[in-house]
Amino acid sequence: MQTLIINDLAQNCELDHKQMASVRGGHGMSSPSYSLYPMPSPTYSKTVNATQNLAQIQSVLNETADGSAFVNGVTANNNTSQFGQNNLLVI
């Protein structure tokens, strides 16, 4: 965590959250001609309604020399693979 050092305060004491939130300045203006208050607060809320569907079908048929009485020593190798992925990136 970084440390914030504030100099030139009228008091020498620790500030609580409310007092720390009220500290403003650092613009080098002694009396600004415009008001800096109220300062807008950032909004970090998001609403995400996502529907993702991933349908996969794989049908592998491997009939090599099936039921043949006169063929022997026949082999068939079948290496199948299937991959599916749904990703949702919310920024």
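This text follows the structure it describes.
Residues numbered from 1 in each chain as written. Predicted model: local features only at pLDDT ≥ 70, side-chain atom pairs only at ≥ 80, totals over all residues. Heavy atoms only, no water.

1. Concerning the overall build of the protein chain
Looking only at helices and strands, one finds one helix and zero strands in the protein chain. Counting across all 91 residues of the protein chain, residues that qualify as buried make up 0%. The contacts of the protein chain with a sequence gap of at least 6 include a subset with a gap of at least 24, amounting to 49%. When the accessible surface of the protein chain is totalled, it reaches about 9,600 Å², and 48% of it is carbon and sulfur. (Helix = DSSP H or I, 4+ residues; strand = E, 2+ residues; numbered from the N terminus. Buried < 20%, exposed > 50% of the residue type's maximum accessible area, 1.4 Å probe, protein only. Contact = heavy atoms within 4.5 Å. Areas by Shrake-Rupley, 256 points an atom, 1.4 Å probe, with all protein chains shown as cover.)

2. Here's the deal with the environment of Gln-85
Relative to the elements of secondary structure, Gln-85 occurs in the segment after helix H1 (17–21). For the pair formed by Gln-85 and Asn-53, sequence separation is 32 residues and the distance between their alpha carbons is 9.8 Å. Polar contacts involving the side chain of Gln-85 include one to the side chain of Asn-87, which spans 3.0 Å. (Polar contact = N/O pair within 3.5 Å; in protein donor to acceptor, adjacent residues only side chain to side chain.)

3. Thoughts on the environment of Leu-61
Inspection of the secondary structure assignment puts Leu-61 in the segment after H1. Residues Leu-61 and Asn-78, spaced 17 residues apart in sequence, show a C-alpha to C-alpha distance of 9.2 Å.

4. Quick notes on a nonpolar patch on the surface
Where nonpolar side chains cluster on the molecular surface, the patch consists of Leu-15, Met-20 and Val-23 and spans about 190 Å² of accessible area. The exposure class assigned to Val-23 is partly exposed, which follows from its relative accessible area of 32%. (Patch = residues over 30% accessible without salt bridge, like charges linked within 9 Å, V, L, I, M, F, W, Y side chains within 5 Å. Salt bridge = Lys/Arg side-chain N within 4 Å of Asp/Glu carboxyl O.)

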